[in-house]
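# Residue-level structural notes
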Amino acid sequence: MTATAELLTQILCEKFEIDPGKIKPEATPENIGIDSLDIFDVVFSVEEALDIKVSNDDVKVANFQDLVDLIDRTRVAQGKV
Amino acid sequence: MTPRRVAVTGQGIVSPLGNDPAAFFSALMEGKSGIGRLKADFIDKLECRIAAQVDFDPTPYFNKRQLSSLDRVSQFSLAAARQAIESAGIDPAGLDLPRTGITLGTGMGGATSLDESYARLYRDQAPRLNPFIVIMAMNGAAGSNIALEYRLAGPNLTYTTACSSSSVAIGEAFRLIRHGYADTMLAGGSEALLTYGTIRAWEALRTLAKEDEADPAASCKPFSADRSGLVLGEGAAIVVLEEWDRAVARGAPILAELVGYASGSDSTHMTQPSVAGQAAAMGNALKDAGLPADAIGYINAHGTGTQLNDKTETQAIKEVFGNHAYRLAVSSTKSMHGHLMGAAGAVEFVACLQALRQQALPPTRNLAVPDPECDLDYVPNRGRKAESLAYAMSNSFAFGGTSAVLIVKRP
């Protein structure tokens, strides 16, 4: 698991008391047990943790890996790697 | 359709005097005060440092996930609703959902969430806010969370008429059942407004009580000549109302029959109460119940502890009840649980239910100095047994002018 995936897993588990076993790259938000507002909540927490800014329009994720990729892309684009 | 009778079959409470109805009423009868120095990290910045706070740990009720999107006001309303459903002996799985609804009163809704998020925005220059903030802070959240929990499909209505909000909510639920729009209603109020911003706003209005320096718990002094204002409180109360025959058929524990309700508008001044408006509401509630004035044995007064309210309410009671005004018992339990604003009427309605059931009259605490303009029997300082109490009236009068009066009958 990459550092970003680990951070996201940690935030998800802490915030929503999710079983870490449910968090896999291909897991959809539904599989994980979160909704679209929860995803924004997670993104905001990641923004604070990494000092990045994700555009609301970019938050379109079909599964956990999409979320990891979104954060990684943003970090690279904003020089916060 | 002939108007249907309405039973009160369940009750739940989160209050500054305990988080179940029996404990709450025992505390009232013992003259305990839930008022004291506010426990908050911003207390040093306040002029008014007293409040009626609830001792409430949400963790046994909600998991972390739920808590992340529940303002304190919804935590209170859900806790009270669960108690009410349980005490009514209702199995949620057996509810006729399209015929079951919720009406809730609240004054300030999710004040905590709003206050905290604005502090982040204005003070901390936060780039953006918690995505749940709107659904936590909106006034309808405390009721909608109850509807969601039980999947209710009947009416889901929130009333915001300041201090009379929850009496309006209970009264309107009564009408929904009475006239056939629902069979079972959860009804009540919830308020959690003890935030820095809200308290400062109330300070500015200059209606808050001065702290009794010798005894902060005695700061709210309704009907006493030395009264200096109201004390802000928080909490919730929810009752279960059911169509009478249905309640009897399922063997429900019938706490009381709700027999009368009236609401009206003073429309004279935003904050000053009116004798005519208050008297009209009490008179119309009696008419609604089909009762003569002398049927009422106890009034749980609005009794805020402001100079103006208490003498106005006293005068209005005299106007409606004539000589009987001197024979019936009137008390302000706000002297002990504070003014719960949008939840006040519901909490005081629970006090009326308990008074009927236990045949006991809760006192007006801190009534030390007689006021010639307040000359009724306010059950001063000591609760006492009632003598065959059959009907109790609960008064709620609000800033903005909306009055609401409920009448309950011993079953």
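A brief structural summary. Within every chain, residues take consecutive numbers counted from 1 along the sequence as written. Whichever chain is written first is A, and whichever ligand is written first is 1; the rest continue in order. Side-chain atom pairs in this predicted model are given and counted only at pLDDT of 80 or more, local residue features only at pLDDT of at least 70, and totals for whole chains, interfaces and linings cover all residues.

Time to look at the overall build of chain B. Think of it this way: any DSSP run of H or I at least four residues long counts as a helix, any run of E at least two long counts as a strand, and we number them from the N terminus. Counting secondary structure elements, chain B contains 13 helices and 14 strands. Radius of gyration: over C-alpha atoms. The globule rule applied is 2.2 Å multiplied by the number of residues raised to the 0.38 power. For a compact globule of 411 residues, the expected C-alpha radius of gyration is about 22 Å, and chain B comes in at 20 Å, within 12% of that figure. Expressed as lengths along the three principal axes of its C-alpha atoms, the size of chain B is roughly 65 × 55 × 40 Å. Three exposure classes are used. Buried residues have 20 or more other C-beta atoms within 10 Å of their own C-beta, exposed residues have 12 or fewer, and partly exposed residues fall in between, all C-beta atoms being placed from the backbone. Residues classed as buried in chain B amount to 59% of the 411 residues present. By definition, residue pairs are in contact when their C-beta atoms, positioned from the backbone, come within 7 Å. Look at the contacts in chain B between residues 6 or more apart in sequence, and 80% of them connect residues 24 or more apart.

Residue and element names in this part refer to chain B. With 134 residues, the main nonpolar core has Ala80, Ala237, Ile238, Leu241, Ala285, Leu406 and Val408 as its most contacted residues. Among the elements that line this core, the one with the most residues is helix α13 (residues 344-358), at 10 residues. Discounting residues that sit within four places of it in the chain, alanine 80 has contacts with Gly12, Ile13, Val14, Gly188, Ala236, Ala237 and Ile238. Think of a nonpolar core as buried Ala, Val, Leu, Ile, Met, Phe, Trp, Tyr and Cys residues, each tied to the set through C-beta atoms within 7 Å.

Attention shifts here to the interface of chain A and chain B. If you look at the interface, chain A gives 8 residues, while chain B gives 9 residues. Taken together, the elements giving at least two residues each to the side of chain A that touches chain B come down to α1 (3-16) and α3 (36-50) of chain A. In terms of residues, the side of chain A that touches chain B owes the most to one element, α3 of chain A, which gives 4 residues. When grouped by side-chain class, the residues that make up the side of chain A that touches chain B number 4 nonpolar, no polar and 4 charged. Note on residue categories: nonpolar means Ala, Val, Leu, Ile, Met, Phe, Trp, Tyr, Cys or Pro, charged means Asp, Glu, Lys or Arg, and polar means any other residue, Gly included.

Residues and elements named next belong to chain B. Position of alanine 279 relative to the elements: it lies in helix α10 (residues 275-289). On the neighbour-count criterion, alanine 279 (21 C-beta atoms within 10 Å) is buried. C-alpha separation for the pair alanine 279 and leucine 104, spaced 175 residues apart in sequence, amounts to 25 Å.

Right, let's talk about the sheet that holds strand β4 (residues 100-105) of chain B for a bit. Residues and elements named next belong to chain B. When DSSP finds two or more bridges between two strands, those strands count as paired. Pairing in this open sheet of 10 strands is mixed, and the strands run β5-β4-β6-β7-β1-β8-β14-β13-β9-β10 from one edge to the other. The sheet terminates laterally at β5 (156-159) and β10 (329-331), the two strands that pair on one side only. Taking the axes of each pair of neighbouring strands and ignoring which way they run, one obtains an average angle of 25 degrees across the sheet. The sheet contact formed by strand β1 (residues 6-14) and strand β8 (residues 256-265) spans 3 bridges and is antiparallel. Bridge assignment links valine 8 to a residue of β8, and that residue is alanine 256. Against the sheet, helix α6 (residues 141-150) contacts β4, β5 and β6 (184-191), and its axis sits at roughly 160 degrees relative to β4. Strands in contact with helix α7 (residues 165-178) are β1, β4, β5, β6, β7 (235-243), β8, β13 (391-397) and β14 (402-409); relative to β6, the strand with the most contacts, it is inclined by about 175 degrees. As a rule, the C-alpha atoms of each element are fitted with a line to give its axis, helices using only the stretch in contact, and angles between N-to-C directions run from 0 to 180 degrees.

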